[in-house]
Amino acid sequence: MDKKRAAFLSIFLFIAVNVVSLSNAIEGYYGHEDERVYAAVTVALVSTILATAAFFIWKKAEYKK
Amino acid sequence: MTDDKKQTHHEDDKDMIKLIDNLNRKDDVHLNRRAFLKASFGATVAIGLATTPFGIFTFLRDENGEVKRVEITDIDDLAIGESRNFNYPTKNEPAILVRTPEDKFVAYNNKCTHLQCPVFYEHKENVLLCPCHKGYFNVDSGQPMAGPPQRELPKILLEIKDGKVYAVGREVRHG
Ligand code: FES
């Protein structure tokens with residue numbers, strides 16, 4: 001699988017990770033489970049950064065002519 | 001005249017061809033795919049960043065809500081099988097302290113997790129009972145046993161020292 005395709009597909013993986021993290025953050029927040037909130041926020045931010053990297057990798061490959 | 005007509009027809013056809021030409025399917029699919037990925041990426045970022053307020057609020061809540069130590073009662077004031085109401089961690093959060101038949105102290109916020117009615121200790125059956133819709137909670141764990149409630153009662157952590165019972169913390173979710 002080439003880099004472009006991997007980057008493309010990974011974005012959908014990251015969106016899934018972020019959805020799960022968001023639900024964990026909300027549940028943790030209302031359940032006063034601070035650890036869970038911090039863990040979810042960390043995971044979400046890391047996955048967002050990775051998604052951004054993947055997006056630019058894909059963009060570079062997609063638009064190069 | 002016929003020539004004229006033919007001419008216009010011809011022009012029309014040309015236009016039509018141009019229109020069809022424009023519908024370059026391959027290009028279209030390609031562009032949609034790009035737009036789709038961009039939208040997905042946007043959603044990823046939006047959802048990812050949406051978690052941060054929860055982190056920030058949790059942090060702020062931590063800051064000003066440092067664990068409070070509150071005296072509830074003297075051990076001798078509460079006989080075995082009795083219960084006592086108090087408020088913890090704030091004045092607006094009612095709680096119940098129970099001295100169980102096994103002579104253990106347990107405490108929970110006693111707002112029913114169904115629709116917030118006050119929960120009482122039923123000595124005879126040794127359960128916490130919500131009279132509103134007959135919700136039952138286990139007195140040893142705070143977990144719902146019967147009736148509409150689905151979530152456990154927030155558990156108040158206790159410390160017993162020098163013949164007094166203190167509330168020292170709270171777990172909203174617990175085993
Ligand atoms: S409010 Fe307690 S059972 Fe409905």
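As shown above, the structure is provided for reference.
Parameters at a glance
Residues numbered from 1 in each chain as written. Chains lettered and ligands numbered in written order. Predicted model: local features only at pLDDT ≥ 70, side-chain atom pairs only at ≥ 80, totals over all residues. Heavy atoms only, no water. Patch = residues over 30% accessible without salt bridge, like charges linked within 9 Å, V, L, I, M, F, W, Y side chains within 5 Å. Areas by Shrake-Rupley, 256 points an atom, 1.4 Å probe, with all protein chains shown as cover. Salt bridge = Lys/Arg side-chain N within 4 Å of Asp/Glu carboxyl O. Helix = DSSP H or I, 4+ residues; strand = E, 2+ residues; numbered from the N terminus. Disulfide = S-S within 2.5 Å. Phe/Tyr/Trp six-rings, centres within 6.5 Å; stacked < 30°, edge-to-face > 60°. Buried < 20%, exposed > 50% of the residue type's maximum accessible area, 1.4 Å probe, protein only. 1 Å grid on protein atoms, 1.4 Å probe; cavity = no way out; pocket = protein on both sides within 12 Å on 5 of 7 lines; lining within 4 Å. Points joined across faces, edges and corners; volume = space filled by probe spheres on them. Nonpolar A, V, L, I, M, F, W, Y, C, P; charged D, E, K, R; others polar.

Q: Help me get a handle on a nonpolar patch on the surface, residues and values and all.
A: A cluster of nonpolar side chains, namely B:Ile56, B:Phe57, B:Phe59 and B:Leu60, defines an oily patch on the protein surface of about 400 Å² accessible area. If you trace the backbone, B:Phe57 turns up in helix α3 (residues 52–64).

Q: Give a detailed account of the state of the cysteines, specifying residues and quantitative values.
A: By definition, a disulfide is the covalent link that joins the sulfur atoms of two cysteine residues. Residues and elements named next belong to chain B. Within the structure shown, the criterion is met by one disulfide over all chains. Each sulfur in the disulfide pair Cys117 and Cys132 lies 1.8 Å from the other. Since a negative S-S torsion denotes a left-handed disulfide, the Cys117-Cys132 link at about -95° is left-handed. Here Cys117, found in the loop between β4 (105–109) and β5 (120–122), pairs with Cys132, found in the loop between β6 (127–130) and β7 (135–138); they are 15 residues apart in sequence, far enough to count as distant.

Q: I'd like to hear about the packing of aromatic side chains, residue by residue, with values.
A: Across all of its chains, the model carries nine aromatic pairs over all chains by this definition. An angle of 25° between the planes, with centres 5.6 Å apart, marks the rings of A:Phe12 and B:Phe36 as stacked. You can see A:Phe12 sitting in helix α1 (residues 3–30) and its partner B:Phe36 sitting in helix α2 (residues 25–50), one on each of two chains. Given a relative accessible area of 26%, A:Phe12 falls into the partly exposed group.

Q: A description of the layout of surface pockets should follow, citing residues and the corresponding values.
A: Residues and elements named next belong to chain B. Looking at the second largest pocket, its volume works out to about 460 Å³. Lining the second largest pocket are 17 residues, with Lys111, Gln116, Arg151, Pro154 and Val172 sitting closest to its centre. Residue classes in the lining of the second largest pocket are distributed as five nonpolar, six polar and six charged.

Scope: geometric values only; no functional claims are made or implied.
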